[in-house]
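A closer look at the structure
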Amino acid sequence: MLSEEELQKKWESLTFTDNFIFSHVMHDENICRQVVELILGVRIGKIHYLSAQDEHKTDPDSMRIIMDVFLRDENRIITVEMQTGHKTELPRRSRYYQSVADVSTTPSSSQYPKLPDNILIFICTFDPFDKNFPRYTFQYSCDEEPQLKLKDGSLRIFLNTATEELNNLDQKLQAFYHYIQKGEVESELTQNISRKITTLKNDSIVRRFYMTWSITMADMRHEGFEEGLEQGREQGAYQNKLETAKTMLSLGLPLDQIQLCTSLPLDVVQALAQTK
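Remember, predicted model here, so these are calculated numbers, not experimental data.

1. Describing the overall build of the chain
- Helices and strands together make up the secondary structure of the chain, namely ten helices and eight strands.
- Counting all 276 residues of the chain, 42% fall into the buried class.
- If you take every contact in the chain between residues at least 6 apart in sequence, the share linking residues at least 24 apart comes to 60%.
- Accessible surface, the chain as shown: approximately 15,500 Å² in total, 48% of it carbon and sulfur.

Now the structure itself:
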């Protein structure tokens, strides 16, 4: 297990590609909007955050997933994931993520024509398909007639931020890639991201939550079995979130800030505030 000093050094070295930092930075609505619009190349409507960094599953026996950034506007469900390890199962993972996003956001009274578009974005620090393209965009088409698109509203985008073949990208997107690759700040967006990370790292409450979470995950890994990890997520990690939320409430911090820092559902934070 890492010592407190080692955890502190790890905390100070975290970058935008770390899932904890990425999720918290992307919960700045202005930054999130800029990143998503930059990648999609279209304007999006008012952002409504769904339960990112919480477990999602379609039924009690289904596989759990934790989404980095999960949101919607008036017309779309958008999931954004940061991927730093080369995972060969990424295509099938993307299929599952989109299906869970659909099921978890679709009321029983919905009709098929009114289903929102479902967009999944993986920001990869490696080349997921080994073609050296800076971007891979997938939509369903007919094998017999590739020009015939299914038009089911689903879209999957994989960014390969490891490539140096960026000439065909917009300059702002090139700057975004450079920031992920080397930490170079070359645009207003990357400057905003860098400032947000500095703010997060200087926030003692966020730091405490990260360290508690890291220790809990390390303890579960030390147990050496997947069941322990699941139990840690469902019990230990959740309990730590509750304790952190209680501490923040005692400091008089706003409920929305507590919800952002802990990723607890807002109604849970409100219930804690009422029992404080």
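Still more to cover.
2. Considerations on the side chain of R76
- Inspection of the secondary structure puts R76 in strand β5 (residues 76-83).
- Relative accessible area serves as the criterion here: at 16%, R76 is assigned to the buried category.
- A polar atom in the side chain of R76 sits 2.5 Å from the side chain of D73.
- Look past the residues within four positions of R76 in its chain and what remains in contact with it is V42, R43, I44, G45, L71, P116, D117 and I119.

3. A look at the packing of helix α3 (residues 29-40) against helix α6 (residues 188-201)
- As a packed pair, α3 and α6 sit with axes 10 Å apart at the nearest point and diverge in direction by 140°. The pairing of α3 with α6 is recorded here as oblique in orientation. Note on packing geometry: the crossing formed by α3 with α6 is left-handed. Across the interface between the two elements, N30, I31, Q34, V35 and L38 from α3 touch L189, N192, I193 and K196 from α6.

4. Observations concerning the sheet that holds strand β6 (residues 117-124)
- Pairing in this open sheet of six strands is mixed, and the strands run β1-β4-β5-β6-β8-β7 from one edge to the other. The sheet terminates laterally at β1 (48-49) and β7 (135-138), the two strands that pair on one side only.
- Of the pairings in the sheet, the one linking β5 to β6 comprises eight bridges and is parallel in character. Bridge pairing links Q83 to C124 in β6.

5. Description of the pattern of salt bridges
- All chains considered together, the criterion is met by seven salt bridges.
- Among the salt bridges present, the one from E29 reaches R33, with a minimum N-O distance of 3.5 Å. Of this pair, E29 and R33 both sit in helix α3, separated by four residues, roughly a single helical turn.
- Salt bridges here are not isolated pairs; linked through shared partners, they connect E29, R33, E37 and R43.

6. Brief notes about the nonpolar core
- Ranked by size, the top nonpolar core spans 54 residues in total, and within it F16, I123, F176 and I193 carry the most contacts.
- For this core, the element with the most residues is α3, which contributes seven residues.
- Filtering out sequence-adjacent residues up to four positions away, F16 remains in contact with I21, F22, V25, M26, M82, F176, Y179, I180, I193 and I197.

7. Points about helix α9 (residues 255-262)
- When α9 is considered as a whole, its buried residues turn out to be I258, C261 and T262. Summarising the axial view, the buried residues of α9 lie within an arc of 85°, below the 170-degree limit, and thus occupy one face.
- Of the residues one or two after α9, S263 is the one with positive phi, at around 65°.

8. With respect to the packing of aromatic side chains
- As enumerated under the stated definition, the model contains 13 aromatic pairs in all.
- A centroid spacing of 6.2 Å and a plane angle of 55° characterise the contact between F16 and Y179, whose relative ring orientation is tilted. In this pair, F16 is assigned in the loop between α1 (4-13) and α2 (19-25) and Y179 in helix α5 (residues 171-182), connecting sequence segments 163 residues apart. Exposure class is identical for F16 and Y179. Each is buried.
- Ring centres 5.4 Å apart and planes at 45° place the aromatic pair F133 and Y136 in the tilted group.
- A relative accessible area of 6% places Y136 in the buried class.
- Of the aromatic side chains, those joined through ring pairs into one cluster are Y97, F122, F129, F133, Y136, F138 and F158.

9. Observations concerning the packing of α5 against α6
- At their nearest, the axes of α5 and α6 sit 9 Å apart, and the two run at 35° to each other. For the pair formed by α5 and α6, the contact residues are A175, F176 and Y179 on the first element and L189, T190, I193, S194 and I197 on the second.
- For the contact of α5 with α6, the class distribution of residues is six nonpolar, two polar and no charged.

The rules behind the values
- Residues numbered from 1 in each chain as written.
- Predicted model: local features only at pLDDT ≥ 70, side-chain atom pairs only at ≥ 80, totals over all residues.
- Heavy atoms only, no water.
- Helix = DSSP H or I, 4+ residues; strand = E, 2+ residues; numbered from the N terminus.
- Buried < 20%, exposed > 50% of the residue type's maximum accessible area, 1.4 Å probe, protein only.
- Contact = heavy atoms within 4.5 Å.
- Areas by Shrake-Rupley, 256 points an atom, 1.4 Å probe, with all protein chains shown as cover.
- Polar contact = N/O pair within 3.5 Å; in protein donor to acceptor, adjacent residues only side chain to side chain.
- Axes fitted to C-alpha atoms, helices over the stretch in contact; angles between N-to-C directions.
- Parallel < 35°, antiparallel > 145°, perpendicular 65-115°, else oblique.
- Left-handed = near helix turned anticlockwise from the far one by under 90°.
- Pairing = 2+ DSSP bridges.
- Salt bridge = Lys/Arg side-chain N within 4 Å of Asp/Glu carboxyl O.
- Core = buried A, V, L, I, M, F, W, Y, C linked by side-chain atoms within 4.5 Å.
- Arc of directions from axis to C-beta.
- Phe/Tyr/Trp six-rings, centres within 6.5 Å; stacked < 30°, edge-to-face > 60°.
- Nonpolar A, V, L, I, M, F, W, Y, C, P; charged D, E, K, R; others polar.

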